[in-house]
Amino acid sequence: MIEPYLRGPECDVHGETALKALVRYLGLVDRYRPLLRKLIMSPTDLGWMNSRMSAIHLAKDYFKDFRDDELGCELVAIFCNPSDQDQLSARGTLVDILGNRDELGDPFGLELEAGDTDAGYIVKMARQRFNCHGGLH
């Protein structure tokens, strides 16, 4: 009943809500993990407007009891890319995945105009968590 909203003519309006309902609220993350991965790994939206951002917001669910270092490193790369429109979504998701909100000066990224003083720490912890190698992107 919900799945057609991921592909139908109203997917730009309801795609995000449908994906969240299927993954987070109905607990079907195993079934939709390939779609989440595809959406996050794509440099552009697929299927509906803001589909990549929607998937990034569900990444904590994706990683629950599941390991995918390549996708985790992609989230780090998105966060490290100031020209990526989903940079702030990746920041929030990495903080959620790492569970280090209490260790940050600006855990919700509300004061980013003055610079993200927590960025280096978030990147360091995420790179360790996901075994990312190489320099910052």
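Residues numbered from 1 in each chain as written. Predicted model: local features only at pLDDT ≥ 70, side-chain atom pairs only at ≥ 80, totals over all residues. Heavy atoms only, no water.

### Brief notes about the packing of helix 1 (residues 11-25) against helix 2 (residues 29-41)
Phase 1 of the analysis: The interhelical angle for the contact between helix 1 and helix 2, taken along N-to-C directions, is 135 degrees, at an axis separation of 9 Å. By the angle between their directions, the pair helix 1 and helix 2 is classed as oblique. The handedness of the crossing between helix 1 and helix 2 is left-handed. For the pair helix 1 and helix 2, contact is made by Leu19, Leu22 and Val23 and by Val29, Tyr32, Leu35, Leu36 and Leu39, respectively.
Phase 2 of the analysis: When its residues are assigned to classes, the contact of helix 1 with helix 2 shows eight nonpolar, no polar and no charged. (Axes fitted to C-alpha atoms, helices over the stretch in contact; angles between N-to-C directions. Helix = DSSP H or I, 4+ residues; strand = E, 2+ residues; numbered from the N terminus. Parallel < 35°, antiparallel > 145°, perpendicular 65-115°, else oblique. Left-handed = near helix turned anticlockwise from the far one by under 90°. Contact = heavy atoms within 4.5 Å. Nonpolar A, V, L, I, M, F, W, Y, C, P; charged D, E, K, R; others polar.)

### Regarding the state of the cysteines
Phase 1 of the analysis: Taken as a whole and assessed by the stated rule, the structure comprises one disulfide.
Phase 2 of the analysis: Cys132 provides the cysteine sulfur closest to Cys80, a residue in no disulfide bond, and the two sulfurs are 8.9 Å apart.
Phase 3 of the analysis: Residue classification places Cys80 among the buried positions, given a relative accessible area of 16%. (Disulfide = S-S within 2.5 Å. Buried < 20%, exposed > 50% of the residue type's maximum accessible area, 1.4 Å probe, protein only.)

### With respect to the nonpolar core
Phase 1 of the analysis: Counting 35 residues, the largest nonpolar core has Leu19, Leu36, Ile40, Phe63, Leu75, Leu94 and Phe130 as the members making the most contacts within it.
Phase 2 of the analysis: For this core, the elements supplying multiple residues, two or more each, are helix 1, helix 2, helix 3 (51-57), helix 4 (59-63), helix 5 (69-80), helix 6 (87-98) and helix 7 (119-129).
Phase 3 of the analysis: For this core, the element with the highest residue contribution is helix 5, accounting for seven residues.
Phase 4 of the analysis: Contact partners of Phe130, with chain neighbours within four places excluded, come to Phe63, Arg67, Asp68, Asp69, Gly72, Cys73, Leu94 and Ile97. (Core = buried A, V, L, I, M, F, W, Y, C linked by side-chain atoms within 4.5 Å.)

Any functional reading would require information beyond the geometric quantities listed.
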